[in-house]
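Given next are the chains, with one letter for each unit.
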Amino acid sequence: MLVGYSSSSEEDGEPGSEATTRNSRRSVEEDEDEGNQDLPAKKKARTEELDPKTRLPLPGCFLSMFPDEDDEALTEDSSLHGGRIRSFKHERGNWATYVYLPYPPEEEFEELLEELLSALGSRGLNLTKQEEFHLSLSQTVVLRHHWIQPFTQSLQAGLSNCRRFACSAATLKVYSNAERTRTFLGMEVSTGHAQLLDLVRVVDKTMTEFRLDTFYKEPSFHVSLAWCVGDQMEKMKEILQELQSLVDDRDEGPFLLRLSCAEVRCRTGNKTFRFPLKL
């Protein structure tokens with residue numbers, strides 16, 4: 001807020017100048033009142049009350065700050081998210097947040113995934129390929145918007161001493177979320193488990209600082225490949241051995257998913273933060 005202070009010359013004006021100004025103002029106001037007495041009463045009312053139809057519309061950017069309840073309902077409509085159901089209710093200012101290691105898919109991986117999806121489809125299990133592939137280092141938690149900066153700064157400080165490493169995965173495994181509303185086909189890590197636990201300890205420390213849920217006590221580190229709605233664990237386990245043969249019996253030998261753990265990422269809402277690990 002800018003406040004206009006009087007200059008020294010105004011404060012040091014001639015004695016009586018302030019009284020003169022007040023008198024002149026009073027005379028002007030009295031003249032205006034006398035002039036208004038000659039105006040019809042209806043004309044006065046017309047200047048005081050505006051027809052609602054003549055009001056200017058509010059700018060769109062202002063209206064977007066206060067969306068209708070219908071807009072809120074749309075964010076909870078599972079049909080708009082492939083049938084997925086939120087683990088927690090969407091609220092303004094709450095950002096879904098998780099920490100992970102990214103996996104950029106190779107061509108051989110993409111070919112294998114198509115074969116796995118085809119085999120599942122032939123058994124009546126239609127899975128959706130993951131939009132992106134990663135290895136989780138945290139659960140999905142809710143972060144308030146004003147926590148984002150201190151949260152990511154804490155992660156950066158903790159991860160600054162962690163070194164790069166490599167891990168691999170080759171064994172298929174079936175997973176589900178805590179609510180059993182979705183089932184996943186994943187590939188479980190076979191090497192690099194100890195280094196992954198070191199990263200989780202760092203991430204858990206930050207989670208504890210902000211009183212958020214830490215990772216699972218005995219995690220099964222994996223890369224999720226595809227998912228479907230509902231609890232389909234038993235059906236998928238029945239054909240898991242058949243699916244595993246697609247991984248193992250390849251012309252060039254068993255497929256091995258190699259993950260170069262050089263950078264940890266944190267996704268919060270639509271923002272992604274990157275934390276390179278030491279060489």
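Residues numbered from 1 in each chain as written. Predicted model: local features only at pLDDT ≥ 70, side-chain atom pairs only at ≥ 80, totals over all residues. Heavy atoms only, no water.

S.K.: What should I look at first to understand the overall build of the protein in this one?
M.R.: Helix and strand counts for the protein stand at 10 helices and 10 strands. Summed over all atoms, the accessible surface of the protein reaches about 18,900 Å², with 49% contributed by carbon and sulfur. (Helix = DSSP H or I, 4+ residues; strand = E, 2+ residues; numbered from the N terminus. Areas by Shrake-Rupley, 256 points an atom, 1.4 Å probe, with all protein chains shown as cover.)

S.K.: It is not clear to me how the nonpolar core should be interpreted in this structure. Could you clarify?
M.R.: Proteins that are soluble and globular tend to have nonpolar side chains buried together. Within the largest apolar cluster, 59 residues are counted, with the highest numbers of intra-cluster contacts made by Leu-135, Leu-137 and Leu-185. Among the elements that make up this core, the one with the highest residue count is helix H6 (residues 107-122) (seven residues). Discounting chain neighbours no more than four positions away, the residues touching Leu-185 are Leu-116, Leu-120, Leu-127, Leu-172, Lys-173, Val-223, Ser-224, Leu-225, Ala-226, Met-236, Leu-240 and Leu-243. (Core = buried A, V, L, I, M, F, W, Y, C linked by side-chain atoms within 4.5 Å. Buried < 20%, exposed > 50% of the residue type's maximum accessible area, 1.4 Å probe, protein only. Contact = heavy atoms within 4.5 Å.)

S.K.: Quick question: what am I supposed to make of the packing of aromatic side chains here?
M.R.: The geometry of an aromatic ring pair is captured by two quantities: the separation of the ring centres and the angle between the planes. Inspection of every chain in the model, using the stated rule, returns eight aromatic pairs. Relative to Tyr-100, the ring of Tyr-98 has its centre 5.3 Å away and its plane inclined at 40 degrees; by these criteria the two rings are tilted. There is no split in this pair, since Tyr-98 and Tyr-100 are both buried. Measuring from centroid to centroid gives 5.0 Å for Phe-215 and Tyr-216, while their planes differ by 50 degrees, and the two rings are tilted. Phe-215 sits in the buried class, given a relative accessible area of 11%. Every member of this aromatic cluster is reached through a ring pair, and the members are Tyr-103, Phe-109, Phe-133 and Phe-255. (Phe/Tyr/Trp six-rings, centres within 6.5 Å; stacked < 30°, edge-to-face > 60°.)

S.K.: I'm lost on the pairing of strand E9 (residues 263-268) in this one. Help?
M.R.: Within a regular strand, the side chains alternate between the two sheet faces. When strand E1 (residues 94-102) meets E9, the two strands line up antiparallel, connected through four bridges. Directly across from Tyr-98, in E9, lies its bridge partner Arg-267. The pairing of E9 with strand E10 (residues 271-276) spans six bridges and is antiparallel. Residue pairing for E10: Glu-263 is matched across the bridge by Pro-276. Between the antiparallel neighbours E9 and E10 lie two residues, among them Gly-269 with a positive phi of about 60 degrees. (Pairing = 2+ DSSP bridges.)

S.K.: How do you make sense of the environment of Val-229 when you look at a structure like this?
M.R.: Looking at the element boundaries, Val-229 is found in strand E7 (residues 222-229). When its relative accessible area of 41% is taken as the criterion, Val-229 is described as partly exposed. Between the alpha carbons of Val-229 and Thr-128 there is a distance of 9.3 Å; along the sequence they are 101 residues apart.

S.K.: Sorry, what's going on with helix H10 (residues 240-248) here?
M.R.: For an α-helix the count is 3.6 residues per turn, leaving residues at separations of three or four pointing the same way. Buried within H10 are the following residues: Leu-240, Leu-243, Gln-244 and Val-247. Buried residues along H10 cover an arc of 100 degrees about the axis, so they all sit on one side. Close packing links the buried residues of H10 with H6, strand E5 (165-176), strand E6 (182-191) and helix H9 (233-238). (Arc of directions from axis to C-beta.)

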